[in-house]
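# Inside the fold
The residues making up each chain are set out below.
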Amino acid sequence: MSDNNNYTDNNFNLYQAYSYTLLLQLEATSFSYAVVNDTHLLVSAQNCDLQELTQPRALNDLLSATYKKIIIGMPASGLTLVPNSLFREEQVSGFARFLDVKDNEKVFAQTLDDVNAIIYKTNENLVSAVEKFGLQNTVYTAKGWIKAIAKSSPPNNNLYLEISKDKVQFLYFALNTLRFYNTFDFKNEDELAYFTSFVADELSLKPQFITLFVSGDVAAGDKNLSRLAYFFPKIELNELKVLELPGQMASHKFLALAALSLCGSSEAV
């Protein structure tokens, strides 16, 4: 995110942490967090220093509290989807060979939705940073985002994008079934437009007939959306709300983090 979007509700009380849920969303060099009570947002901040997870200072009290539930969204440096009908826990290591796992990477596997399982790798340093919170509390970072959109009954002519500083995630549903999910690293607005056009073409979606629903590190009229608009005439900020948010918080910037509240736990292998 391009700003911290810090927020603290006046009713937030760490002495009641036992009834709260802590959400942590990791990226390669930073993390975001939120504390929620049911569907009510109490605290949030984005673009936090990863060192706060391993050697907390400003966040020591918040991160050391005892929560009712913790959900950690882990990023992937490589991933593959496997139909649930073919997925077997004992075969994870075999599937992981396709990911070219390095010595400094760890593999995770979990159910992604009703149809697919996901096997992904992530940097071991990130795993070490959250190990004290319990690896059983980790999920793939986009699992909540995918679940939130699936629950909204997405039509066949919507292509969903979640954009961060240098990565874009694409999601497409047909007949209420996940048909496509993938991520791409991009360096500028031209590469973002290229990958979006590539995905649309692969899915046989004509730009003039689809709507891009965009969330993440974007704002109306910014360089990324302006470039996308050159090729895709219909673009909307994704204002889908998973949590009750204060009026000053743009829901599209918070969607992926908030949607982690819809997730359960994962499994490390």
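Presented here is an overview of the structure given in this document. Small disclaimer: the values here were computed from a predicted structure and weren't measured. (Residues numbered from 1 in each chain as written. Predicted model: local features only at pLDDT ≥ 70, side-chain atom pairs only at ≥ 80, totals over all residues. Heavy atoms only, no water.)

### Topic: the pattern of salt bridges
Throughout the structure, instances matching the rule amount to four salt bridges. Lys102 serves as the salt-bridge partner of Asp100, at 2.9 Å between the closest nitrogen and oxygen. What makes Lys102 partly exposed here is its relative accessible area of 43%. For Asp190, the salt bridge is made with Arg227, and the minimal N-O distance between the two is 2.8 Å. (Salt bridge = Lys/Arg side-chain N within 4 Å of Asp/Glu carboxyl O. Buried < 20%, exposed > 50% of the residue type's maximum accessible area, 1.4 Å probe, protein only.)

### Structural notes on the sheet that holds strand β11 (residues 167–174)
Reading across from one edge, β12-β11-β10-β13-β14 is the order of the five strands in this open sheet, with mixed pairing throughout. Each edge of the open sheet is held by one strand with a lone partner, namely β12 (177–185) and β14 (235–237). When the angles between neighbouring strand axes are averaged without regard to direction, this sheet yields 20°. Pairing geometry for strand β10 (residues 158–163) and β11, over five bridges, is antiparallel. By the bridge assignment, Tyr160 is partnered in β11 with Leu171. The strands touched by helix α6 (residues 189–202) are β10, β11, β12 and β13 (211–216); relative to β12, the strand with the most contacts, the crossing angle is about 155°. Each of β10, β13 and β14 touches helix α7 (residues 223–231); the most contacted strand, β14, lies at about 150° to it. (Pairing = 2+ DSSP bridges. Helix = DSSP H or I, 4+ residues; strand = E, 2+ residues; numbered from the N terminus. Axes fitted to C-alpha atoms, helices over the stretch in contact; angles between N-to-C directions. Contact = heavy atoms within 4.5 Å.)

### Looking at the packing of α6 against α7
Two numbers describe how α6 lies on α7: the axes approach to 9 Å, and their chain directions differ by 45°. In this view, α6 runs oblique relative to α7, as classed from their interaxial angle. Handedness of the α6/α7 crossing: right-handed. Contacts between α6 and α7 pair Glu189, Asp190, Leu192, Ala193, Thr196 and Ser197 from the former with Lys223, Asn224, Arg227, Leu228 and Phe231 from the latter. When the residues that make up the contact of α6 with α7 are grouped by side-chain class, the tally is four nonpolar, three polar and four charged. (Parallel < 35°, antiparallel > 145°, perpendicular 65-115°, else oblique. Left-handed = near helix turned anticlockwise from the far one by under 90°. Nonpolar A, V, L, I, M, F, W, Y, C, P; charged D, E, K, R; others polar.)

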